[in-house]
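# A structural walkthrough
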Amino acid sequence: MRIVLQRVTDAKVTVNDTVVGEIGTGLLALVGFGKSDTADLATAPVWKKMIDKVLNLRIFTDDDDKLNNSLCDISGDILLVSQFTLYADCKKGRRPSFSGSCPPDIAAPLFDRLVADVRSAAPGQVATGEFGEEMFLDFTNWGPVTIILDSDEM
């Protein structure tokens, strides 16, 4: 599992001209699952570790303008968006290969489980895009601050 976190002042995702998810200050999390990820990932220790990292990384400023606060500390929101392209392989040619991405029949339930688990632990609003749909994101990256988490590196 890979997660690209962007600290945002606001974010929304639109599908078919309809806003399906919108947040205020918090995190935009682009989430992808790899070919080696299985349904068992949701019960593995790394699953909880990744969620804990997302919620508790100290990437929000404190009163002294230092990165000392987490999403939990600021009671921030989170927008979770599935993105299989996080596993793109661009080694050959000009067209990325997505053969390293998890098949949708495994990835969709994993994404749903991630959303449920984040909702049960997040301090603020949790919004999502729609799995497998073409989505349009509109957000203001604050910083900019962008962090990449990979379950293979935990």
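Residues numbered from 1 in each chain as written. Predicted model: local features only at pLDDT ≥ 70, side-chain atom pairs only at ≥ 80, totals over all residues. Heavy atoms only, no water.

### Examining the overall build of the protein chain
Regarding its fold elements, the protein chain presents 3 helices and 8 strands. Order of helices (α) and strands (β) in the protein chain, N terminus to C terminus: β-β-β-α-β-β-α-β-α-β-β. Taken over the C-alpha trace, the protein chain has a radius of gyration of 15 Å; the compact-globule value for 154 residues is 15 Å, and the two agree within 12%. Seen along its three principal axes, the alpha-carbon backbone of the protein chain occupies a region of about 45 × 40 × 30 Å. The 154 residues of the protein chain split such that 43% are buried. In the protein chain, of all internal contacts separated by at least 6 residues, the share reaching a separation of at least 24 is 74%. When the accessible surface of the protein chain is split by element, carbon and sulfur atoms take 47% of a total near 8,500 Å². In the protein chain, 15 positive and 23 negative side-chain charges are present, and the distance between their average locations comes to 8 Å. (Helix = DSSP H or I, 4+ residues; strand = E, 2+ residues; numbered from the N terminus. Rg over C-alpha atoms; globule rule 2.2 N^0.38 Å. Buried < 20%, exposed > 50% of the residue type's maximum accessible area, 1.4 Å probe, protein only. Contact = heavy atoms within 4.5 Å. Areas by Shrake-Rupley, 256 points an atom, 1.4 Å probe, with all protein chains shown as cover. Lys, Arg positive; Asp, Glu negative; His and termini not counted. Charge placed at Lys NZ, Arg CZ, Asp CG, Glu CD.)

### Observations regarding the pattern of salt bridges
According to the stated counting rule, one finds 2 salt bridges in the structure shown. For Asp150, the salt bridge goes to Arg2, with nearest N and O atoms at 2.8 Å. Taken as a pair, Asp150 in strand 8 (residues 136-150) and Arg2 in strand 1 (residues 2-15) lie far apart in primary sequence, 148 residues in all. Look at Asp150 and you get buried, because its relative accessible area is 9%. We classify Arg2 as partly exposed; its relative accessible area is 26%. (Salt bridge = Lys/Arg side-chain N within 4 Å of Asp/Glu carboxyl O.)

### Some points on the pairing of strand 6 (residues 77-82)
The side chains of a regular strand alternate, first on one face of the sheet and then on the other. Most of strand 6 is tucked away, with 6 of its 6 residues classed as buried. Both faces of strand 6 are covered, namely the face carrying Asp77, Leu79 and Val81 and the face carrying Ile78, Leu80 and Ser82. Sheet topology note: the strand 3 (residues 26-32)/strand 6 ladder contains 6 bridges and is parallel. In the strand pairing of strand 6, Gly26 is matched with Asp77. Note that strand 6 and strand 7 (residues 126-128) share 3 bridges and pair parallel. The residue bridging Leu79 from the neighbouring strand is Ala127, located in strand 7. Note that the unit made of strand 6, helix 3 (residues 104-121) and strand 7 has a crossover that is right-handed. (Pairing = 2+ DSSP bridges. Right-handed = clockwise from strand over helix to strand, strands pointing away.)

### So, the side chain of Thr128
With respect to the helices and strands, the residue Thr128 is situated in strand 7. The class of Thr128 is buried, set by a relative accessible area of 18%. With residues near it in sequence (within four places) discarded, Thr128 still touches Val13, Val20, Gly21, Leu79, Leu80, Val115 and Arg119.

### Details of the environment of Leu71
Structurally, Leu71 can be placed in helix 2 (residues 71-74). The sequence separation of Leu71 and Pro123 amounts to 52 residues, and the corresponding C-alpha distance is 7.4 Å. Apart from the residues within four sequence positions on either side, Leu71 is in contact with Gly26, Leu27, Val54, Leu55, Leu57, Phe60, Gly76, Asp77, Ile78 and Pro123.

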